[in-house]
Amino acid sequence: MAHAEFRSYQRDQVVSFRKTTEDFGGLSNMAPGFPIAMLGHLIRTSEALYQACRFPHMPDVQRMVIVETSPMTAKMKSKPYRKDTRPDWEDVRVPVMRWCLRVKLAQNWETFSALLMATGDRPIVEDSRKDDYWGAKAAEDDLLAGRNVLGRLLMELREIVRSDPDRIAEVLPLDIPQFVLLGHQIPTIKRKMNVVPNQAQVRELTHSAAKKSARKSKQDVLL
Ligand SMILES: Nc1c(N[C@@H]2O[C@H](COP(=O)(O)O)[C@@H](O)[C@H]2O)[nH]c(=O)[nH]c1=O
């Protein structure tokens, strides 16, 4: 999969997604509405979980990534630290992404499995402006061209949901060195129905949303 071949997809024959607000936008790692609970922390998106996995040796950077409300902002804020990404990232990023998607599914079973099933048998493709590794880019003749590694992982997961859903009853941690979040070994994640945040997490979420909206209204005034 790490060396998935480059291929072209006929746009009208696939399930593609770009914006999280589209019908199949929930397939994007950026999509809200699929929260993940891990080691007592609420992580808002699979993107935040994935980006945090770059920095097992830098808990402060991991914290910054997982507390940020917007996954895009989290990714941008972590950009200056990218050079410090774990050195074996190229070797582990596909298994890490596969694991993140399984965790997203295990903790949002009803909604995410239903979304995967709703794609039927069509190829799943992330329609990306600039990334033809995880997704595919627009090409001539209404084609999407790329390695589409994220789409392939989603199709792999769809097949598991269809034929062997009990494989997602538990998601084991990856057997790689330093598979760590905020200084703690990542545990086995058990399937549960959609994550309901606990009281402390609700307070934390409400607090950071309120701070953000206060900041925004200040900015609005300044503008
Ligand atoms: N959709 C989308 C992106 N694509 C997503 O970025 C993730 C991998 O990021 P990287 O660590 O840079 O390889 C993966 O979840 C892929 O689907 N990246 C973006 O900067 N903007 C975007 O709108």
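Everything below is about the structure printed above this text.
Residues numbered from 1 in each chain as written. Predicted model: local features only at pLDDT ≥ 70, side-chain atom pairs only at ≥ 80, totals over all residues. Heavy atoms only, no water.

What follows covers the overall build of the protein chain. Of regular secondary structure, the protein chain possesses seven helices and eleven strands. Here the protein chain holds 223 residues, and the buried ones make up 45% of them. Residue pairs at least 24 apart in sequence account for 68% of intrachain contacts in the protein chain once pairs closer than 6 positions are excluded. Counting every atom, the protein chain has about 11800 Å² of accessible surface; 54% of that belongs to carbon and sulfur. (Helix = DSSP H or I, 4+ residues; strand = E, 2+ residues; numbered from the N terminus. Buried < 20%, exposed > 50% of the residue type's maximum accessible area, 1.4 Å probe, protein only. Contact = heavy atoms within 4.5 Å. Areas by Shrake-Rupley, 256 points an atom, 1.4 Å probe, with all protein chains shown as cover.)

Another point: the site of the ligand. Not every one of the 13 residues close to the ligand is listed here, only the nearest: Asn29, Glu47, Arg54, Lys75 and Glu126. The contact in question runs from an oxygen atom of the ligand to an N or O atom on the side chain of arginine 54, over 2.7 Å. At 2.9 Å, a side-chain N or O of lysine 75 approaches an oxygen atom of the ligand. In isolation the ligand offers 500 Å² of accessible surface; the protein chains occlude 79% of this area. Contributions of two or more residues to the shell around the ligand are made by helix H1 (46–52) and helix H3 (71–78). (Near = heavy atom within 4 Å. Polar contact = N/O pair within 3.5 Å; in protein donor to acceptor, adjacent residues only side chain to side chain.)

All right, on to the packing of aromatic side chains then. Two aromatic rings are characterised by how far apart their centres lie and by the angle between their planes. A complete count under the given rule lists five aromatic pairs for this structure. Seen from their ring centres, tyrosine 50 and tryptophan 134 are 5.8 Å apart, and the 85° between their planes marks the pair as edge-to-face. Here tryptophan 134 lies in the loop between strand S5 (124–126) and strand S6 (137–139) and tyrosine 50 lies in helix H1, a separation of 84 residues in the sequence. We classify tyrosine 50 as buried; its relative accessible area is 3%. (Phe/Tyr/Trp six-rings, centres within 6.5 Å; stacked < 30°, edge-to-face > 60°.)

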